[in-house]
Amino acid sequence: MCAVSSPKSQYVVAKFGGTSVANFDAMNNCADIILANANVRVVVLSASAGVTNLLVALAAGCDSDKRESYLKQIRDIQYAIIDRLNEVAVIREEIDRLLENIEMLSEAASLATSEALTDELVSHGEVMSTLLFVELLRQRNTDAEWFDIRRIMRTNDNFGRAEPDTLQLHILAMEHLYSRLNNTIVITQGFIGREEKGRTTTLGRGGSDYTAALLGEALGLQRVDIWTDVPGIYTTDPRVVPTAKRIDQIAFDEAAEMATFGAKILHPATLLPAVRCGIPVFVGSSKDPKTGGTVVCDKTENPPLFRALALRRKQTLLTLHSLKMLHARGFLAEVFTLLSRHNISVDLITTSEVSIALTLDTTGSTSTNGSLLTNALLTELATLCRVEVEEDMALVAIIGNELSQAKGLGKGVFGVLESFNIRMISCGASSHNICLLVPGKDAEQVIQTLHQSLFES
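Here the structure is a predicted model, which means the values were calculated and not measured.

Conventions used here
Here the residue numbers are simple positions, counted from 1 along each chain's written sequence. Selection of residues for local features in this predicted model requires a pLDDT of at least 70, selection of side-chain atom pairs for listing and counting requires 80 or more, and totals for whole chains, interfaces and linings are taken over all residues. Side-chain descriptors were evaluated using all non-hydrogen atoms of the structure, hydrogens and water having been removed beforehand. Strand pairing follows a simple DSSP-based rule, namely that at least 2 bridges must link the two strands. Working definition: helices are DSSP H or I runs of at least four residues, strands are E runs of at least two. Numbering for both runs from the N terminus. Lines fitted to C-alpha atoms define the axes here, with helix axes fitted over just the stretch in contact, and angles between the N-to-C directions of these axes take values from 0 to 180 degrees. Here, two residues are considered to be in contact whenever any of their heavy atoms come within 4.5 Å of each other. Any N or O atom pair separated by 3.5 Å or less is treated as a polar contact, with the protein-specific requirement of one donor-capable and one acceptor-capable atom, and with residues adjacent in sequence counted only for side-chain atom pairs. For each residue, the accessible area found with a 1.4 Å probe, counting protein chains only, is set against the maximum for its type, and the residue is called buried under 20%, exposed over 50%, and partly exposed in between.

1. So, the sheet that holds strand S13 (residues 306-321)
Pairing is antiparallel in the open sheet, where six strands are placed in the order S14-S15-S13-S16-S18-S17. Here the strands that pair on one side only, and so sit at the sheet edges, are strand S14 (346-351) and strand S17 (424-427). Within the sheet, the average angular offset between the axes of one strand and its neighbour, ignoring direction, is 25°. As paired strands, S13 and strand S16 (residues 386-400) are joined by 12 bridges and run antiparallel to one another. Across the sheet, Leu-320 pairs through a bridge with Val-387, a residue of S16. Contacts from helix H9 (residues 252-260) reach S13, S16 and strand S18 (433-439) within the one sheet, and its direction differs from that of S13 by about 45°.

This is how it looks when you write it as structure tokens:
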């Protein structure tokens, strides 16, 4: 059974992902879930499915033909929802105004793009979905209020991966949001915030989950509900392994490892606010809420040795070679200082006498060039050492409990993978995971082989 600390409020924050608000019928399903639980008073929405990808494409800059095509696709997604509503004059005017903003910003991006412009442009997806959803709820005779999350979600200016100021969020949420919960359902946006100069920022792809958990923490709510397109957390991605099994209860530590290493059911940072104040997180399917889901909580009874497998694609292996490392001090510090100056976060690291191997994750960035390794960074690194870059790698994480204390893991894990090229192994730093870096083309087969050996035998 789960063991969680007592929350301050009986209210629940519910987050709905892009597929859950993809169209009018999907939004109606979300409304059914909300109205079935009177404690749901804060609702966080992603953009409708497909919209964010189109906005990112526009932000990257494109010719007029592609721009018109992307704009039409966005307009069609939003209008298909509007056309199913009743009183549409006001909401159509608001959506049209936002679509005009998108067009103007996309034209600017075609001339010269930037991370700040990208965030401003991409944020429109959540603004539109929340406006449409409020109108849908009102037409179902539900008291709902639209709330701009940027009023309280203050962040730094690291566009694309902005970090929220949790203290400011708590103060502002209690001041501007908490009193509203007794009288109405508040509909707000995930994924976006505002830095001190007033510019819109984003928390990274998948940041709507993070927003929901941050609000749960700031407002002292009872639970965070994450509604998505799958009914819970599985032993691995069912699209990769159809025999994967749902996990009914999982501890925060295990779920955090899964999220960090690529389990797309949760954003990697989502659980941090929940862990800090012991708020349980429920994960279920908005398409079929009656099937139940997974509860993420402080502790579970008798946790298994192996809990799940996670897969994170789009990894870059950076290998640095230098004889300066041999019997010398300070080389690692110099490398990490340089990487920090370029806002590069390192995941895995292994070292030898004269080389360092590092993995970099690019899956959460809205960077317009799709890479963290800029020419400026590579040029600086080249003054220190010889640099090798391998892209299109994948990180496979074996998630479990007390793995560093278990005997026979080498044979049980690596024995079944003898036919694969494993480029890096990280084992022993954590009792909850063993990480393997493999070529991207082999990733799914590695997951399938491990799942059969660890969970199906």
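On we go from here.
2. Here we look at the side chain of Asp-361
Topologically, Asp-361 is positioned in strand S15 (residues 355-361). Side chain to side chain, Asp-361 and Gln-315 meet in a polar contact 2.9 Å long. Excluding residues within four positions of it along the chain, Asp-361 makes contact with Arg-161, Arg-312, Arg-313, Lys-314, Gln-315, Asp-347 and Leu-372.

3. Some remarks on the pairing of strand S4 (residues 185-189)
Of all five residues making up S4, five are buried, and the element is well covered by its neighbours. Going residue by residue along S4, you find Ile-185, Ile-187 and Gln-189 tucked away on one face and Val-186 and Thr-188 tucked away on the opposite face as well. Looking at chain direction, strand S2 (residues 40-45) and S4 are connected through four bridges and run parallel. Among the inter-strand pairings, Leu-45 is bridged to a residue of S4, identified as Gln-189. Strand direction decides the pairing type here: strand S3 (residues 144-146) and S4, joined by three bridges, are parallel. Among the inter-strand pairings, Ala-144 is bridged to a residue of S4, identified as Ile-185.

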